[in-house]
Amino acid sequence: MRLIKYIMLFCIVGIFGSCKKYLDIIPDNIATLDYAFRTRFQAEKYLFTCYSYLPRFDRVYFDPWYITGDETLLAYPGYSSIATGVQNVVDPYSNMWSNGDESLFKAINTCNTFLEQVKKVPDLQNYEMVRWVAEVKFLKAYYHFYLLRMYGPIPIMDINLPVSVSPEDAQVKRQPVDSCFKYIVNLIDEASEGLPKIIQKGGTELGRITQPIALSIKARILTTAASPLFNGNPDYAGFKDKQGMQLFNPTYDPQKWVIAAKACRDAIDLCTSSGLKIYHFNPQVNIYNLSPEMQIEMDIRNAMTEKWNSEIIWGDPNARTQEYQERSIVSYNEATLYENSFFRSGINVPLNMAKMFYSKNGVPINEDKTLDFTNPEALRTATEAEKYKIEPGYVTARLNFDREPRFYADLGFDGGKLYGAGNYDQDNAWHLEARRGGYSSYDPDGSKNSITGYYPKKPISFLSYMDQGSYMEIYPWPVMRLSDLYLLYAEALNEANGPSAEVYKWVNIIRTRAGIPDIETSWNQYSLYPQKYANKDGLREIIHKERLIEFAFEGRQYWDLTRWKEAEKVLNEPIEGWDTDQADPQFYYRTIIRYPQKFKKRDYFWPIKEFDLIVNKNLVQNPGW
């Protein structure tokens, strides 16, 4: 027990090993706090160490959204372990509770140490200290939130334990979720006062925390707190700690949605006054001469991939978006056929995701009364009028026709076009040939290309050069976009007060950029259920679908499905795809099951590692584990 105590006390000097871009982390051989805070220069390194623990949203092997299923499938052993039901308590996948440098409690300890020690720095200007303290308070709050979202009730680590603490007092307890949310929000409020409104030194400070970031993440946190998983969830009515304290409040509180809506609006107003706005592709030198259709596709794709565009509230410049692109991209022409090992597309898109996108009329394909999608496997030949979406004369599935622009911007598929990546002739853009024997086909021996027949195209920057040089345009990971805030606001307003013109307004801004009609027009003219948007339940379903589509492949889906308590349904449907071993389109376009999904009620929260429960007798395991 004494050993565990000292591990807790001294993990504050552990240093995260990776170092990229603006993060310049304290060297591993520096072990004393006196040295770390001797000068402004050294203290700034410690500040960046606090940033270094930010979860890498793009990590193929670790980040939760990659391995929980449905949005993407990793066709490698073990990488979809949670989706296939083999999460465990002995050595949990994506363990951010106690997994060494991945532990967010270690991150919180590092933040606490910074806050305790930074006042000792002799040559630090007061305005700098105010800003640095505010940044670290925000990071500390964010790390608590990330753990809360993963594990439910967590210990609140407001200060590091002193060396003199007794072993009994070192055994921290989990706190009720309402207390956790309150602590996190209060800490962000404290931090906001000392943060800059905008970044002045764009060359060196982009990615550091600002007031718009703080208020926007606060809005996300409060929306999460108001959502069914945390707000009056009866499934956890009996979840208590060992002293009998109830960890979930089973009573639903509608006021939480009112509070969330206000937080969203405050964040929107601040972001707007700070110059942020919905992104549209508008290069300084218009050398592309894009068609209206291609302009919309570039608006959609580049909202994610253009560096520091007008919509990015918070971008993480240290995310390995190069790896994400390399694992998304496939061979689009003979020149790249297996000549570059980077074109391996280990990220597969399930057929369910392809079906999720709207029809071209802006309604779900099973609701469109003007278009027949009852046989999505039926074959159809693309025409010249469809040349910006599908190769003219190419035979592909009915599912791939008459879809909204985000379908074509986000997905690669057999016959589908890819503009950019070295070819900027929109009339002769590359296309996929994904059937057996095609240069984009699945290669089971080389573990290349998709086993489902669909690829994530959206994360590939149009400036990435897809040739033997494998140059990838690196962009900051979009942790928070303005469109995210708009849809959170619409969701909170609908839950608080029901449908209104104000709710439609914020959703329609996103739909207009996506090239589809507004909610009212789409449902009145094209849907089998024309009044769906006029009641709270129907509009909730529309807003949820809008979020899933708009943020496809940006790491939002899993967290949204869980907070809505919809994961039990969606993540229990099998992972399906086309029969990618076939060359003949008649046989290629038949649905086969690739993997089962086995999301159970217990999977709404991660298990705490068994060993951690043994060494800390005050901890209780999550229900179902």
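As the structure is a prediction and not an experimental result, all values here were calculated from the model.

This paragraph deals with the nonpolar core. Ranked by size, the top nonpolar core spans 160 residues in total, and within it F138, Y142, Y143, W314 and Y454 carry the most contacts. Top contributing element to this core by residue count: helix 6 (residues 126–151), with 16 residues. Among the nonpolar cores identified, the runner-up in size contains 10 residues, and F281, L290, A303 and Y419 belong to it.

In this section: the environment of I198. Topologically, I198 is positioned in the loop between helix 7 (177–192) and helix 8 (202–205). What makes I198 partly exposed here is its relative accessible area of 40%. In sequence terms I198 and C271 are 73 residues apart; their C-alpha atoms lie 9.6 Å from each other. Those residues within four positions of I198 in sequence are excluded, and the remaining contacts are T210 and S274.

Once that is clear, we can look at unusual backbone geometry. Residue S94 is not a glycine yet carries a positive backbone phi of 50 degrees. Of note, S94 is situated in the loop between strand 1 (73–74) and helix 5 (104–117). One non-glycine residue, D402, lies in positive phi territory at about 60 degrees. In this structure, D402 sits in the loop between strand 5 (395–397) and helix 14 (405–410). Judged by its relative accessible area of 14%, D402 falls in the buried class.

Turning next to the side chain of E135. Looking at where E135 falls in the secondary structure, it is placed in helix 6. According to the relative accessible area criterion, E135 is buried, its value standing at 0%. When near neighbours in sequence (up to four residues on either side) are disregarded, E135 contacts L47, Y51, L195, R208 and I209.

The subject of this paragraph is the environment of T272. As for its placement among the helices and strands, T272 is situated in helix 10 (residues 255–273). The class for T272 is partly exposed, based on a relative accessible area of 45%.

Moving on, we come to the packing of helix 16 (residues 501–513) against helix 18 (residues 536–550). The contact between helix 16 and helix 18 brings their axes to 11 Å, and the two run at 35 degrees. Where helix 16 crosses over helix 18, the two elements pack in a sense that is left-handed. On helix 18, the residues touching V503, Y504, V507, I510, R511 and R513 of helix 16 are L539, I543, E546 and E550. Here the contact of helix 16 with helix 18 is composed, by residue class, of six nonpolar, no polar and four charged.

What counts, and where the lines are drawn
Residues numbered from 1 in each chain as written. Predicted model: local features only at pLDDT ≥ 70, side-chain atom pairs only at ≥ 80, totals over all residues. Heavy atoms only, no water. Core = buried A, V, L, I, M, F, W, Y, C linked by side-chain atoms within 4.5 Å. Buried < 20%, exposed > 50% of the residue type's maximum accessible area, 1.4 Å probe, protein only. Helix = DSSP H or I, 4+ residues; strand = E, 2+ residues; numbered from the N terminus. Contact = heavy atoms within 4.5 Å. Axes fitted to C-alpha atoms, helices over the stretch in contact; angles between N-to-C directions. Left-handed = near helix turned anticlockwise from the far one by under 90°. Nonpolar A, V, L, I, M, F, W, Y, C, P; charged D, E, K, R; others polar.

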